[in-house]
Amino acid sequence: MKSILPQNIKFKKYTLADRQQVITLNRPTTQNLALGWWLFSLLSAFFILYLLVVHPTLARAASPPSSYTQYTEAKNYYQNLLSDQKKADSRRSWLTGIKNFRRIYHAQPDHEIAPSCLFMMARMYSDMYKQFDNPLDLGEAIAYYEDITSLFPKHRLADDALYAIGRIYLEDKNNPQKAAKIFTRIVALFPNGDMAIPAAGQIEKLKRNSGEKTSDDDTFTILEAGPIKQKIGADKPADSIATSNETANLLPLRYWSTNNYTRVVIETSSPVKYQEYLLEKNDNNPRRLYVDLENCQITPDLQKNIPIDDGLLRRVRTGQYSQDSVRIVLDTLSLDDYKIFSLQEPFRIVIDVKGQKKSTITIAEKSTPEAPSLVQQLGLGIRRIVLDPGHGGKDSGAIGPGGMMEKDIVLNVAHKVAQKMRNELSCEVILTRDKDVFIPLEERTAIANTKEGDLFISIHANADPTKRARGVETYFLDLAKNKNAMQVAARENSSSASQLSDLQTILNDLIQNSKMQESVKLAEYIQENMVNGLSEKYSDINDLGVKQAPFIVLIGARMPSILSEIAFISNPKEAKRLRSDKFLDHVADQIVAGVSQYVTDLNLASLGPQY
Ligand SMILES: [Zn+2]
């Protein structure tokens, strides 16, 4: 609804006095028209009531305090901090002050006060550095100033932010070359801004001091137009994507992060071409990764930085880089290695980042000693197992006779396995889902990694168009060697075989450094126990063996990981067994036995060759 009200009414708070005023203003001059007057004032009152209750703009205006008020309060807090030495000596006071601005910014990142909030956060971090001499604070200050230049490049504070960064390099970081570059950039980008003249003055001064020396470091303020330092990967996955000509929209980002691992999933409304770039480390920033999406738009509500400050991932910044491209920047504390790949239906780009393990408070908190389990006492190194019951929610998995669903069966098995593992192996067990919910494949792996599982086991039931197919098979992640394995992976990935062959081409890169040998061993033990254990109680247990295929759910898992196909839901005989709780109980027993044997084997191996 578009407002047709005069401006002065629109933002006014209405009180009883106002109402009286309106009534008075509307009072007819002839007192003897009493009835008309009452009618008129009654209508006026209703009109005002309408304004207050129904009209949303007014309703909002009436709900205090506004962002402006909060901003003023936050600024007052900051001013007090500057004049109160005792308060200023406390780091906590400063952090509280920063939090005040951050809160306002987060509440409405599109609000016109947002850049000012970022600016104040940057300034406070800069002040903190002067007070406490912690270089991390300076890094924060630069990052927030950068956010202004990248998120609000046309805002009046953009050049001020850049100038502030220049001064930090000049005065705090003793890097006149870089400072000169930044000042030059101000003159070029904001020739009419109020910082152009001071920047030009700085350049002159720097030239006088050091001649024309410049370094070849262009890796700064990467969201601005500038040469791309290094290009990694030749757009392999994107080239094979059937992209449409329509402009895609960026959807909300998803991410998971720990001290040394981060997975970010970029989803768009339709497939897009993308290109990733890596900025090499310089003396002030770790390596940084960013991804450009072609033919893509970002809605204003998503155009923001997402401060995460949780583990490896410091923040993710997204922005409309050019008219038809979106840029996503990952600011990580460190970036040792990364993998990027795309998945289909829905189209999404998955980025896995590996960093150096840093001893932070988070780690210290995590290692709070608990009573060691038997497994831990034996030094087996398997303390936490992540179980992944396949499918769930809208994804029923394979469907068997009478409408029985794979998702229900495997959830039941997973619960049983979890219980038995807790009892028999005294280890911690985490389920990627413990109820009937849909969880994307890439999220399951992310859960296993962020929970720092020592083993990852995905549980499924098999299916085949020919009802005759039956038996047990266990998979580890690798290129598929035959058509059958390919079909199983295509089904479990909910993808077509052709999409899978795209995945095959990039898989070599993806499985590097994965725990493949351990995964094969784990798969062998589980397969062996399933076949032998179940054969003791059931006839015709068919051993289909240990196989390999590109299962999305196993890609990027940082621990030994396997996918178990416990039986064929499409085979009438095996479907009947899958209906029996007792059979599922036996299946669970065998999975636990396989893991137990793997763990024992690991332990013996660690004791030395004499065993
Ligand atoms: Zn499945």
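Residues numbered from 1 in each chain as written. Predicted model: local features only at pLDDT ≥ 70, side-chain atom pairs only at ≥ 80, totals over all residues. Heavy atoms only, no water.

Draft legend 1. Just the overall build of the protein chain, in detail. Each helix and strand in the protein chain was counted, giving 22 helices and 17 strands. A burial count over the protein chain gives 51% of its 611 residues as buried. Counted over contacts in the protein chain with a minimum sequence separation of 6, partners at least 24 positions apart contribute 72%. Approximately 29700 Å² of the protein chain is accessible, and the part contributed by carbon and sulfur atoms is 53%. (Helix = DSSP H or I, 4+ residues; strand = E, 2+ residues; numbered from the N terminus. Buried < 20%, exposed > 50% of the residue type's maximum accessible area, 1.4 Å probe, protein only. Contact = heavy atoms within 4.5 Å. Areas by Shrake-Rupley, 256 points an atom, 1.4 Å probe, with all protein chains shown as cover.)

Draft legend 2. Structural view of the coordination of the zinc ion. Here the zinc ion is held by His-391 (NE2), Glu-406 (OE), His-460 (ND1), Glu-492 (OE) and Glu-492 (OE), and the distances to it run 1.9 to 2.5 Å. When the donor residues of the zinc ion are listed from N- to C-terminus, their spacing reads H-x14-E-x53-H-x31-E. Here His-391, found in the loop between strand E12 (384-389) and helix H16 (406-424), pairs with Glu-492, found in helix H18 (residues 483-492); they are 101 residues apart in sequence, far enough to count as distant. Side by side, His-391 and Glu-492 carry an identical accessibility label, which is buried. (Donors = N, O, S within 2.8 Å, 3.2 Å for Na, K, Ca; no water.)

Draft legend 3. Spotlight on the sheet that holds strand E3 (residues 261-267). The four strands lie next to each other as E2-E3-E11-E10, forming an open sheet whose pairing is antiparallel. Across the chains shown, the open sheet's two edge strands, defined by having one partner strand only, are strand E2 (254-257) and strand E10 (337-343). Ignoring which end each strand starts from, the neighbouring axes of this sheet average 10 degrees apart. Here seven bridges tie E10 to strand E11 (residues 348-354), and the two strands are oriented antiparallel to one another. When the sheet's bridge partners are listed, Leu-343 is paired in E11 with Arg-348. Contacting E2, E3, E10 and E11, helix H17 (residues 441-450) runs over the sheet at an angle of about 165 degrees to E3. (Pairing = 2+ DSSP bridges. Axes fitted to C-alpha atoms, helices over the stretch in contact; angles between N-to-C directions.)

Draft legend 4. Geometry of the pattern of salt bridges. Evaluation of the coordinates by the stated rule reveals 30 salt bridges. Three or more residues are tied together by salt bridges with common partners; here these are Glu-140, Glu-146, Asp-147, Arg-288, Arg-315, Arg-317 and Asp-331. (Salt bridge = Lys/Arg side-chain N within 4 Å of Asp/Glu carboxyl O.)

Draft legend 5. The arrangement of unusual backbone geometry in detail. The omega torsion across Glu-345 and Pro-346 is 0 degrees, close enough to zero to call that bond cis. Even without a glycine there, the phi angle at Glu-345 is positive, about 50 degrees. By secondary structure assignment, the location of Glu-345 is in the loop between E10 and E11. By relative accessible area, which is 58% here, Glu-345 ends up exposed. Residues other than glycine seldom take positive phi values, yet His-391 does so here, at roughly 60 degrees.

Draft legend 6. Representation of the packing of helix H8 (residues 114-132) against helix H10 (residues 158-172) within the structure. Relative to each other, H8 and H10 sit at 15 degrees, their axes nearing to 11 Å. As the angle between them shows, H8 and H10 are arranged roughly parallel. Handedness of the H8/H10 crossing: left-handed. Contacts between H8 and H10 pair Phe-119, Ser-126, Tyr-129 and Lys-130 from the former with Asp-160, Ala-161, Ile-168 and Asp-172 from the latter. When its residues are assigned to classes, the contact of H8 with H10 shows four nonpolar, one polar and three charged. (Parallel < 35°, antiparallel > 145°, perpendicular 65-115°, else oblique. Left-handed = near helix turned anticlockwise from the far one by under 90°. Nonpolar A, V, L, I, M, F, W, Y, C, P; charged D, E, K, R; others polar.)

Draft legend 7. Spatial organisation of the nonpolar core. One finds Phe-101, Leu-118, Tyr-145, Phe-183 and Ile-186 to be the most contacted residues of the largest nonpolar core, which totals 51 residues. Elements with a contribution of two residues or more to this core: helix H5 (67-83), helix H7 (91-107), H8, helix H9 (135-151), H10, helix H11 (176-189) and helix H12 (196-210). By residue number, the principal contributor to this core is H8, which donates 11 residues. Here Phe-101 is in contact with Tyr-71, Ala-74, Lys-75, Cys-117, Met-120, Met-121 and Met-124, once residues within four sequence places are set aside. (Core = buried A, V, L, I, M, F, W, Y, C linked by side-chain atoms within 4.5 Å.)

Draft legend 8. The environment of Lys-573, seen in detail. By secondary structure assignment, the location of Lys-573 is in helix H21 (residues 572-578). Lys-573 sits 105 residues away from Arg-468 along the chain, and the two C-alpha atoms are 9.4 Å apart. Sequence-distant contacts of Lys-573, that is, excluding residues within four places in its chain, are made with Ser-539 and Asp-540. Polar side-chain contacts of Lys-573 include one of 2.9 Å to the side chain of Asp-540. (Polar contact = N/O pair within 3.5 Å; in protein donor to acceptor, adjacent residues only side chain to side chain.)

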